[in-house]
Amino acid sequence: MKRKINDKIIKIIEDTFNVKINDSYEEISSDTIEEWDSLGQINLIMAIEKYFDVKFPTELIPLMDSAEKIQEQLEKMGKI
Amino acid sequence: MRKELLFYDRVRLFNRNFGGLSMKIAVLSNVNIDGIINKLRKLLKDAEFYLPPFNTYAIEMLNKNSELYDFKPDSIFLYLDGYSLFDKYINDPFLYKDFSRIGSMEARKLMDIIENFMENMPNSVIILNTIVIPPKNVSTLLEFNTNYTPTLLEYSFNERISKLKIEKRISGLAICPWRNMVLTVGYDNIYDRRYWYLGRVPLNMSGLEMLAKCFVKTYETLKTKPKKVIVLDLDNTLWGGIIGEDGIDEIKLGEDGIGKAYRDFQKLLLAMKHRGVLLTIASKNNENDVKEVFDKHPMMVLKWNDFVVKKINWLQKSENIKSIAEELNLGIDSFVVIDDNPFERMEIKSAFPSIIAPEFPEDPAILPEWFIGVVEDYFSTTIITEEDKKRSDIYLAETKRKTLLKTAQSFENFLKQLEMVAIITINDELMIPRQAQLTQRTNQFNLTTRRYNEKDIERFIKDDKYIVYNLELIDKFGSNGIVGLIIVSLDDKKAFIDTFLMSCRIIGRRVEDAFMGFVLRDLKKKGIKKVFGEYIPTKKNKLVSDVYEKLGFELIETKEDGSKLYKIEVDENIKPMPEWVKVEVRKR
């Protein structure tokens with residue numbers, strides 16, 4: 001079974017891409033959400049940074065292209 | 001990244017799930033601010049958005065076959081990023097010298113694009129930001145000590161845009177105060193280089209939010225009418241303390257201590273009067289106590305006559321506000337009440353739910369700053385005419401006229417006692433803004449209801465085939481302001497009255513006899529034999545359906561839609577000039 005994704009992360013993804021995510025265990029990534037392209041990536045990470053009050057190193061930003069990867073990174077930085 | 005949406009997909013996705021959209025907004029920029037759409041959508045719930053790829057704004061605006069023209073925007077939000085616009089000068093300033101000139105030239109180029117677009121799409125409104133460049137650059141201390149001052153790019157660009165907008169009368173362009181907003185929060189808090197390098201996105205999320213607010217606030221200002229009247233309480237509002245209890249020597253008002261906050265607040269209120277907002281008083285007090293403060297307190301900034309209506313008594317505030325509205329003949333929805341007492345505010349609001357009565361600050365020290373916020377929220381506008389600035393005096397005179405009307409034995413007598421003088425100027429460029437405003441706002445005494453902007457009026461004035469007559473009415477109480485406009489087009493020996501209107505302020509004083517009488521005589525002097533007039537009925541101008549008959553014109557045709565055509569031979573039929581108005585022509 002997949003890991004449960006933090007509610008706040010889901011909420012921000014929903015807001016950024018104007019979509020509805022029904023199941024917090026499902027695969028949420030740039031592959032499954034149509035609007036999540038390279039610019040979408042920036043918009044999403046901006047919103048994540050603002051909410052969790054973090055600044056990711058620039059080279060990491062394009063790599064965090066799924067909800068799980070974002071969650072891992074935030075955990076690593078002690079933000080969730 | 002693996003995936004890159006095509007740009008029309010992006011547009012489609014932006015607008016998905018949003019039915020019943022009423023306004024169309026295009027967001028253009030020289031950088032990537034695609035994330036702003038989410039923010040804008042929260043602020044403008046029923047808008048449809050269009051956002052082309054970045055840095056295509058010039059092509060989109062110039063090419064009539066572009067998607068932008070297809071989209072037919074009601075408004076364009078154009079964000080220009082100062083760094084992107086001028087990066088080569090900022091990054092190596094030592095190859096250049098005259099940064100003011102470079103900034104001005106760039107502004108001129110942009111204005112050409114904007115003007116061109118405005119001609120093609122005159123009903124669109126463009127909102128443009130004042131630009132900001134990074135506060136730090138490689139010139140460091142050479143800035144302002146030498147010519148190598150790239151910061152001048154920002155100053156000169158913003159200045160030139162503003163000057164060109166004013167000079168060329170581009171009323172469809174509004175500037176939003178982005179630079180000042182950035183100064184308030186700090187450049188480094190909203191501009192973020194990481195996103196810039198990743199995707200040419202200059203701003204972080206807070207920055208995009210702020211930019212969205214900057215645009216939307218300006219947009220809404222253009223769509224809403226500013227308030228017109230401030231109703232002021234006195235005790236603990238215009239001064240600290242209560243005059244009836246503390247006495248004139250004890251109230252707080254002066255240059256020292258907290259008394260200065262009240263004095264500064266009064267200065268801002270006076271500034272509002274100078275801008276054309278009407279000041280009034282509604283206070284529970286003995287009028288004599290209050291008069292004493294106005295007459296004798298040396299630190300009062302506001303004078304008795306700065307207020308057009310004063311209600312100082314022990315009646316309920318809502319009663320007083322009602323009579324202020326009646327005396328000024330203005331709707332209560334154009335009132336803002338400033339009163340420190342929450343119970344009074346509640347009483348007023350329960351009587352008039354549409355009235356604005358903002359919460360008053362606890363600490364008088366923030367009074368001036370708080371008031372600027374009130375101005376921003378309720379009195380914002382992007383237009384001001386010379387006429388607006390005189391409005392307060394005009395209303396004050398009007399209350400005196402009303403008193404005279406009550407005491408005069410007859411209306412004819414009243415007209416004579418007013419000692420009216422009609423000042424007429426011809427093709428008067430100084431009056432263009434007011435004349436445009438009159439065509440936009442006048443509904444009742446308006447024979448043709450043709451709406452013109454400043455550019456249109458300017459064209460009439462410069463064209464030999466047109467004459468624009470401007471009427472200012474003065475009487476013994478002062479000026480009534482610019483209250484009449486006649487635009488005539490000429491065709492050999494014939495003249496056609498394109499526009500004939502009078503402000504509702506002076507309806508009933510029969511000044512039109514003098515105004516038209518003058519115009520007919522002037523046309524005769526210019527060799528005109530026949531003058532044609534036209535009445536086009538609307539829902540609001542029934543009042544003037546027979547004005548031309550009264551002025552001696554002859555009806556020659558009534559069309560199916562009810563509009564009527566009139567003619568007068570200027571040799572024979574001109575009525576004598578009325579005796580209650582003196583006419584003076586002034587040359588500009």
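All residue numbers refer to position in the chain's written sequence, counted from 1. Chain letters and ligand numbers both follow the written order, the letters beginning at A and the numbers at 1. Note on the predicted model: pLDDT of at least 70 is required for a residue's local features to be given, and 80 or more for side-chain atom pairs to be given and counted; whole-chain, interface and lining totals, by contrast, use all residues.

Things to note about the overall build of chain B
Here is step 1 of the chain: Secondary structure elements are taken from DSSP: a helix is a run of H or I of four residues or more, a strand is a run of E of two residues or more, and numbering for both begins at the N terminus. When helices and strands are counted, chain B shows 22 helices and 17 strands.
Here is step 2 of the chain: Whether two residues are in contact depends on their C-beta atoms, placed from the backbone: they are in contact if these lie within 7 Å. When contacts within chain B are restricted to residue pairs at least 6 apart in sequence, those whose partners lie at least 24 apart make up 70%.

Some thoughts on the overall build of chain A
Here is step 1 of the chain: Along the backbone of chain A there are 3 helices and 0 strands.
Here is step 2 of the chain: For chain A, the α and β elements follow one another from N to C terminus as α-α-α.
Here is step 3 of the chain: Over its C-alpha trace chain A gives a radius of gyration of 11 Å, about what one expects of a compact globule, namely 12 Å for 80 residues.
Here is step 4 of the chain: Along the longest, intermediate and shortest principal axes, the C-alpha atoms of chain A span 30 × 25 × 20 Å.
Here is step 5 of the chain: As a rule, residues whose C-beta atom has 12 or fewer other C-beta atoms within 10 Å are exposed, those with 20 or more are buried, and those in between are partly exposed; C-beta atoms are placed from the backbone. Relative to its full complement of 80 residues, chain A shows a buried share of 34%.
Here is step 6 of the chain: For chain A, the share of sequence-separated contacts (at least 6 apart) that also reach a separation of at least 24 residues comes to 48%. Atoms counted for the radius of gyration: C-alpha only. Globule rule: 2.2 Å times the number of residues to the power 0.38.

Concerning helix 17 (residues 386-407) of chain B
Residues and elements named next belong to chain B.
Here is step 1 of the chain: Here the expected length of a helix is defined as 1.5 Å per residue gap, with one fewer gap than residues. Here helix 17 contains 22 residues, and its C-alpha end-to-end distance of 32 Å stays within 8% of the 32 Å for a straight helix at 1.5 Å per residue.
Here is step 2 of the chain: To obtain the bend at a residue, axes are fitted to the seven residues ending there and to the seven starting there, and the angle between these axes is taken. Of all bends in helix 17, the biggest is about 45°, found at Ser392.
Here is step 3 of the chain: Glu387, Asp388, Ser392 and Tyr395 are the residues of helix 17 that are buried.
Here is step 4 of the chain: The secondary structure elements touched by the buried residues of helix 17 are helix 12 (259-275), strand 7 (278-284), strand 8 (307-313), helix 14 (317-328), helix 19 (432-441) and strand 12 (478-491).

Examining the domain arrangement of chain B
Here is step 1 of the chain: These domain limits were set by an automatic method or by a database of domain assignments. When its domains are assigned, chain B resolves into domain 1 (7-223), domain 2 (229-378) and domain 3 (400-586).
Here is step 2 of the chain: Centre-to-centre separation of domain 1 of chain B and domain 2 of chain B, based on C-alpha positions: 40 Å.

Structural notes on the sheet that holds strand 7 of chain B
Residues and elements named next belong to chain B.
Here is step 1 of the chain: DSSP-based pairing: two strands are paired if at least 2 bridges between them are found. As summarised here, the arrangement of the 4 strands in space is 8-7-6-9, forming an open sheet in which the pairing is parallel. Each edge of the open sheet carries a strand with a single partner, namely strand 8 and strand 9 (335-338). The average angle at which neighbouring strand axes cross in this sheet is 15°, direction not considered.
Here is step 2 of the chain: As judged from the 4 bridges shared by strand 6 (residues 229-232) and strand 7, these two strands associate in the parallel manner. Considered in strand 7, the bridge of Ile230 is made with Leu279. Every axis corresponds to a line fitted to the C-alpha atoms, with the helix fit spanning only the stretch in contact, and the corresponding angles, defined between N-to-C directions, vary from 0 to 180 degrees.

Overview of the packing of helix 6 (residues 99-120) of chain B against helix 7 (residues 151-167) of chain B
Residues and elements named next belong to chain B.
Here is step 1 of the chain: Remark: helix 6 packs on helix 7, axes separated minimally by 7 Å, with the N-to-C direction vectors making an angle of 40°. Between helix 6 and helix 7, the interaxial angle falls into the category oblique. Classified by chirality, the crossing of helix 7 by helix 6 is right-handed. Along its contact with helix 6, which presents Phe99, Ser100, Ile102, Gly103, Ser104, Glu106, Ala107, Arg108 and Met111, the element helix 7 presents Leu152, Leu153, Tyr155, Ser156, Phe157, Arg160, Ile161 and Leu164.
Here is step 2 of the chain: Three classes are used: nonpolar for Ala, Val, Leu, Ile, Met, Phe, Trp, Tyr, Cys and Pro, charged for Asp, Glu, Lys and Arg, and polar for all others, with Gly counted as polar. Counted by class, the contact of helix 6 with helix 7 contains 10 nonpolar, 4 polar and 3 charged residues. Here the angle decides the label: under 35 degrees means roughly parallel, over 145 means roughly antiparallel, 65 to 115 means roughly perpendicular, and every other value means oblique. Left-handed describes a crossing whose near helix is turned anticlockwise from the far helix through less than a right angle; right-handed describes the clockwise counterpart.

A closer look at the sheet that holds strand 2 (residues 47-50) of chain B
Residues and elements named next belong to chain B.
Here is step 1 of the chain: Strand order in this open sheet of 5 strands is 2-1-3-4-5, and the pairing throughout is parallel. Each edge of the open sheet carries a strand with a single partner, namely strand 2 and strand 5 (173-176). Each strand of the sheet is rotated relative to its neighbour by a mean of 25°, with strand direction disregarded.
Here is step 2 of the chain: When strand 1 (residues 23-29) meets strand 2, the two strands line up parallel, connected through 4 bridges. The residue of strand 2 that forms the bridge with Met23 is Ala47.

Some thoughts on the packing of helix 2 (residues 36-43) of chain B against helix 10 (residues 205-223) of chain B
Residue and element names in this part refer to chain B.
Here is step 1 of the chain: Interaxial distance between helix 2 and helix 10 falls to 9 Å at its minimum, and their mutual angle equals 45°. Here helix 10 runs oblique to helix 2, going by the angle between their axes. Helix 2 and helix 10 meet at a crossing whose hand is right-handed. Contacts from Ile36, Lys39, Leu40 and Leu43 of helix 2 reach helix 10 at Leu208, Glu209, Leu211, Ala212, Lys213 and Val216.
Here is step 2 of the chain: Looking at the contact of helix 2 with helix 10, its residues break down into 7 nonpolar, no polar and 3 charged.

Here we look at the interface of chain A and chain B
Here is step 1 of the chain: At the junction of the two partners, chain A supplies 18 residues and chain B supplies 19 residues.
Here is step 2 of the chain: For the side of chain A that touches chain B, the element with the highest residue contribution is helix 2 (residues 38-52) of chain A, accounting for 8 residues.

A closer look at the environment of Arg108 of chain B
Residue and element names in this part refer to chain B.
Here is step 1 of the chain: Along the chain, Arg108 falls in helix 6.
Here is step 2 of the chain: As for Arg108 and Ile161, which are separated by 53 residues in sequence, their C-alpha atoms are 7.2 Å apart.
Here is step 3 of the chain: Not counting the four nearest positions on each side in its chain, Arg108 is found in contact with Arg160 and Leu164.

A closer look at the pairing of strand 12 of chain B
Residues and elements named next belong to chain B.
Here is step 1 of the chain: Bridging between strand 11 (residues 466-475) and strand 12 involves 10 bridges; their strand directions are antiparallel. Looking at strand 12, one finds that Asn470 is bridged to Leu485.
Here is step 2 of the chain: If you look at the hairpin formed by strand 11 and strand 12, you'll find 2 residues sitting between the two strands.
Here is step 3 of the chain: Bridge analysis of strand 12 against strand 13 (residues 494-502) gives 8 bridges, and the strand direction is antiparallel. Note on strand 13: the bridge partner recorded for Asp491 is Lys494.
Here is step 4 of the chain: Connecting strand 12 to the antiparallel partner strand 13 that follows it, the hairpin turn spans 2 residues, and Asp492 within it adopts a positive phi of roughly 55°.

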